[in-house]
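Summary of structural features
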Amino acid sequence: MTESANIARTDATGRDEMVPELLAWTSSLSDDRLLVREDLLGSAAHVTMLKNVGLLEAGDAQKLRGALFAMFDEAAAGTLVVPDGEEDIHMAIEARLTRDLGHVGKRLHTARSRNDQVALALRLHVRDQAARTLSEVTGLCADLAARAEQSIDIILPAYTHRQRAQPVSAGFLVSAWAMQLLRAGDALASAIDRTNQSPLGSGACSGTSLPIDRNVVASLLDFPTITANALDTIGDRDFTIDWAYAGARVLLALSRLATDVVDFTTSEFAFLRIGDAIAAGSSMMPQKKNPDVFELVRGKTARGVGNLSSMLTLVKGLPSGYARDLQDDRVAVLDTGPLVRGAVRAVRAGIVHLSFNAEACVAAVSDGSTQATDVAEALVRKGVPFREAYKATGQVVHLARERKIPLVKVTLDEARAIHEAFDQGVLAVLDPRVAVAAKKSAGGTAPERVREQVAIIRQKASELSRNAEKIATLESLKKRIEAAAI
Ligand code: ARG
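What comes next is a walk through the structure. This structure is a prediction, so every number in the text was calculated from the model and none was measured. (Residues numbered from 1 in each chain as written. Predicted model: local features only at pLDDT ≥ 70, side-chain atom pairs only at ≥ 80, totals over all residues. Heavy atoms only, no water.)

Bringing the environment of Met 284 into the picture now. With respect to the helices and strands, Met 284 occurs in the loop between β5 (272–274) and α11 (292–315). A C-alpha to C-alpha distance of 42 Å links Met 284 and Arg 433, two positions 149 residues apart in sequence. (Helix = DSSP H or I, 4+ residues; strand = E, 2+ residues; numbered from the N terminus.)

What follows is the structure, encoded as structure tokens:
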């Protein structure tokens, strides 16, 4: 992974003889530096537990924990220096501890393997990243709820097969975007739940003969439970798959929203105006105001799906236990959080600079053709069987087409000549506003139904955001461990 040939100087892994190029190539240090704070917290919790059960003396435990927390602060400040030439961040930290503390550093790895250590750092990382992502997703949902509420009176066509289908309110469209995102939020919440188990104490693959207490570590790191089988635990990356999947779900929701935005800002649709603050120009065509932000949201979704697919493929066919293949999870796992949150933030910042062009929106449904279903349903309300109403309305549509006039221009007399149940009231639903107001079925587009949907979005978003807030930040975990006596 790194081009450097000076790797794995430590003797802890006993690999001094390995070909330098291969030591370099097999190192993950350049990727997993991002796990440094998670690893330090895991070690601090481990040290605390070792002291509790009598495997470390108080003085040594204090020295170790102090050094680990000092490195944590340096990492947070961006000043932490860990030696290069190591196989991974875990060895690099141990090497620095041993350099700083001498032989005390050599006690840290008691009753621990890098296999369970890596699993712990990854779980801490995924839980933290998924919670942060969830809270940003719920923020976007709240923004969309507000936008939906403001857009209830704007009418535009809904599409099926990308053909104009039926009139809806813009608030209804925006609510639909939010609903999909909320489901992605559910996926994040469930990824958090499944990640939330402490793997430490599994050792290399079968536990340890030393008298550890796994529950102490779990409680210090705020894991509600510990994993149940050591062999399973050290080869388990299902939680990273859940994370990559949930991230991909967020991106998929955003990319579909993005396509609506890209389409609707074209002059062909013209339902949305794009503000200069987010429009990109063309290097050649002076007239262009391009929706690049939303195109990139769609583009970055490919990487998110790729991360999921590489995690699935990485695990497929591995034997029980640990295999070094698993080290390559780092690229996909560590990329997912920044990738997804970047796209969420871009949409949040971008959407503020989009405004519905209410006249263009309603103009697209003003000729009446998208209200044909509403006419048929009005006939049904007068007692006409649906198939008969459908046929009669179809004949009226046909007549308008033949005469090359909009459906709204068909007169009552002409309609009555087709079916006697037509009257003023039936034809009134050709007005898109009347048609939208009439769609009062649960989940429909009538204004009162959209207000209910807005309330559902707000309620669900705040529920999910409370879930996210329950997850301890890395900073607060540090305080929690620091407060534990040793
Ligand atoms: N560098 C590996 C990783 O990050 C850890 C190695 C675990 N065990 C081993 N015996 N090589 O996944």
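Still more ground to cover, so stick around.
Enumeration over the complete set of coordinates arrives at 29 salt bridges. We note a salt bridge from Glu 136 to Arg 345, for which the minimum N-O separation is 2.7 Å. With a gap of 209 residues between them, Glu 136 in helix α6 (residues 114–150) and Arg 345 in helix α12 (residues 329–351) connect regions that are remote in the sequence. One continuous salt-bridge network, built from bridges that share partners, spans Asp 32, Arg 237, Asp 329 and Arg 330. (Salt bridge = Lys/Arg side-chain N within 4 Å of Asp/Glu carboxyl O.)

A few words now on the nonpolar core. Core analysis: the largest hydrophobic core is formed by 116 residues, its most contacted members being Leu 144, Leu 181, Leu 221, Val 250, Leu 254, Phe 294 and Phe 356. Residues contacting Phe 294, with those up to four places away along its chain left out, are Leu 257, Ala 258, Val 261, Val 262, Ile 278, Val 347, Gly 350, Ile 351 and Leu 354. In terms of nonpolar packing, the next biggest core, distinct from the first, is built from 20 residues, Ala 372, Ala 415, Phe 422 and Val 426 among them. (Core = buried A, V, L, I, M, F, W, Y, C linked by side-chain atoms within 4.5 Å. Buried < 20%, exposed > 50% of the residue type's maximum accessible area, 1.4 Å probe, protein only. Contact = heavy atoms within 4.5 Å.)

Once that is clear, we can look at the pairing of strand β2 (residues 163–169). Pairing between strand β1 (residues 155–160) and β2: six bridges, direction antiparallel. Of the residues in β2, the one forming a bridge with Thr 160 is Gln 163. Hairpin connection between β1 and β2: a loop of two residues separates the two successive antiparallel strands, and His 161 in this loop has a positive phi of roughly 60°. (Pairing = 2+ DSSP bridges.)

Attention shifts here to the packing of helix α4 (residues 58–77) against helix α20 (residues 474–483). Viewed as axis vectors pointing N to C, α4 and α20 meet at an angle of 160°, and their least axial separation amounts to 12 Å. Relative to α20, α4 is oriented roughly antiparallel. Where α4 crosses over α20, the handedness of that crossing is left-handed. Together, Arg 65, Phe 69, Phe 72, Asp 73 and Ala 76 of α4 and Leu 474, Glu 475, Lys 478, Ile 481 and Glu 482 of α20 make up the contact between the two elements. In terms of residue class, the contact of α4 with α20 is built from five nonpolar, no polar and five charged. (Axes fitted to C-alpha atoms, helices over the stretch in contact; angles between N-to-C directions. Parallel < 35°, antiparallel > 145°, perpendicular 65-115°, else oblique. Left-handed = near helix turned anticlockwise from the far one by under 90°. Nonpolar A, V, L, I, M, F, W, Y, C, P; charged D, E, K, R; others polar.)

Taken together, the residues surrounding the ligand are Glu 87, Asp 88, Arg 114, Asn 115, Val 118, Tyr 322, Arg 324, Gln 327 and Arg 330. One of the side-chain nitrogen or oxygen atoms of Asn 115 is found 3.0 Å away from a nitrogen atom of the ligand. If the ligand stood free it would expose 340 Å²; the protein chains cover 85% of that surface. Top element by residues in the shell around the ligand is α6. It accounts for three residues. (Near = heavy atom within 4 Å. Polar contact = N/O pair within 3.5 Å; in protein donor to acceptor, adjacent residues only side chain to side chain. Areas by Shrake-Rupley, 256 points an atom, 1.4 Å probe, with all protein chains shown as cover.)

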